[in-house]
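Structure at a glance
Next come the chains, spelled out residue by residue.
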Amino acid sequence: MKIYKTIAISMALLTGTTTFAQDATQAGVSKESTKKTYKLYQNGELIKNSVLIETTRNQAVMLEKEDKDNVNQDRVIPPTVVVKTVKIDNDADNQYDEVVKFSYTTNAKTDFTLVSGRDNLMVAVEDGENLSILENRTINLDDEMNPEKAYVFTLDDGNEIEFKVESFNKMDSSSESK
């Protein structure tokens, strides 16, 4: 009887572990949220804004076509699809005032985001707890922004990242959403 009990417990443990392992996602999806700050001058006054960046990275699992029917297949590393939602707080209250959503596909490790100025969106890169704004890389908000229009950001090493601004919304009631 003791043998049957041991076998039953062993089978239950093995079944539970393999079932749990099968529930793991097959695609590499990661989600993270980070809070940063950035500073800019408006009308000669230094403004400090806080930003919440919600990042979703999705990388498909792909295998070599030549290894299709083999037991051991080599994995191909495809580009990562990154979708970012940036919530910007321009004042002292606890509410976010603007939301920018954009996406891009990349193989690069460099991370960037978009933040807003008075009349434009600016490209910013991480600098510890803060964001550093790249002065020469801006998107004018007066331009008609639509999901079909792509922008190109050139990294310092010469690699280019093409991104699309999916939406830009101002949360205050006096502004229209773009």
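Keep in mind that this is a model prediction, so the values were computed, not measured.

A contiguous nonpolar patch, built from Ile 3, Ile 7, Met 11 and Leu 14 and spanning about 430 Å² of accessible area, is present on the exposed surface. Mapped onto the elements of the fold, Met 11 is located in helix H1 (residues 2–22).

Next up on the list: the pattern of salt bridges. Tallying each qualifying case throughout the model produces two salt bridges. A salt bridge links Lys 87 to Glu 54; its shortest N-O distance comes to 3.5 Å. With Lys 87 in strand E5 (residues 80–89) and Glu 54 in strand E2 (residues 45–59), this pair connects stretches of sequence that are 33 residues apart. For Lys 87, a relative accessible area of 23% gives the class partly exposed. Measuring nitrogen to oxygen at the nearest pair gives 3.7 Å for the salt bridge that ties Glu 98 to Lys 170. Here Glu 98, found in strand E6 (residues 98–106), pairs with Lys 170, found in strand E11 (residues 160–170); they are 72 residues apart in sequence, far enough to count as distant. According to the relative accessible area criterion, Lys 170 is partly exposed, its value standing at 26%.

Turning next to the pairing of E5. For E5, the tally of buried residues reaches seven of 10 residues, placing the bulk of the element in the interior. In terms of strand pairing, E2 meets E5 through nine bridges, oriented antiparallel. Within E5, the residue paired with Val 51 across the bridge is Ile 88. Direction of pairing for E5 relative to E6: antiparallel, over a ladder of nine bridges. Each residue of the ladder has a partner; that of Lys 87, found in E6, is Val 99.

Within the largest apolar cluster, 28 residues are counted, with the highest numbers of intra-cluster contacts made by Phe 112 and Phe 163. Per-element tally for this core: the top contributor is strand E8 (residues 120–127), with five residues.

This paragraph deals with empty space enclosed by the protein. The tally for this structure, following the rule as stated, stands at one cavity of 30 Å³ or more. Together, Ile 53, Lys 84, Asp 111, Phe 112, Thr 113, Ala 124, Val 125, Glu 126 and Leu 131 line the largest cavity. Of all the secondary structure elements, the ones that give two or more residues to the lining of the largest cavity are strand E7 (112–116) and E8. Ranked by residue count, the leading element in the lining of the largest cavity is E8, at three residues. When grouped by side-chain class, the residues that make up the lining of the largest cavity number five nonpolar, one polar and three charged.

The subject of this paragraph is the packing of aromatic side chains. By the definition in use, this model includes seven aromatic pairs. Summarising the aromatic geometry, the rings of Phe 102 and Phe 163 are spaced 6.0 Å apart at their centres and angled 65° between planes, so their arrangement reads as edge-to-face. Of the two residues, Phe 102 is situated in strand E6 and Phe 163 in strand E11; the sequence distance between them amounts to 61 residues. Across this residue pair, the class does not change: Phe 102 and Phe 163 are buried. For the pair Phe 112 and Phe 153, a centre-to-centre distance of 4.7 Å together with 40° between the ring planes defines the contact as tilted. With Phe 112 in strand E7 and Phe 153 in strand E10 (residues 150–154), the pair connects residues that are 41 residues apart, well separated along the chain. Taking relative accessible area as the criterion, Phe 112 reaches 1% and is therefore assigned buried. Among the aromatic side chains, those forming a connected cluster through ring pairs are Phe 102, Tyr 104, Phe 112, Tyr 151, Phe 153 and Phe 163.

Thresholds applied
Residues numbered from 1 in each chain as written. Predicted model: local features only at pLDDT ≥ 70, side-chain atom pairs only at ≥ 80, totals over all residues. Heavy atoms only, no water. Patch = residues over 30% accessible without salt bridge, like charges linked within 9 Å, V, L, I, M, F, W, Y side chains within 5 Å. Areas by Shrake-Rupley, 256 points an atom, 1.4 Å probe, with all protein chains shown as cover. Salt bridge = Lys/Arg side-chain N within 4 Å of Asp/Glu carboxyl O. Helix = DSSP H or I, 4+ residues; strand = E, 2+ residues; numbered from the N terminus. Buried < 20%, exposed > 50% of the residue type's maximum accessible area, 1.4 Å probe, protein only. Pairing = 2+ DSSP bridges. Core = buried A, V, L, I, M, F, W, Y, C linked by side-chain atoms within 4.5 Å. 1 Å grid on protein atoms, 1.4 Å probe; cavity = no way out; pocket = protein on both sides within 12 Å on 5 of 7 lines; lining within 4 Å. Points joined across faces, edges and corners; volume = space filled by probe spheres on them. Nonpolar A, V, L, I, M, F, W, Y, C, P; charged D, E, K, R; others polar. Phe/Tyr/Trp six-rings, centres within 6.5 Å; stacked < 30°, edge-to-face > 60°.

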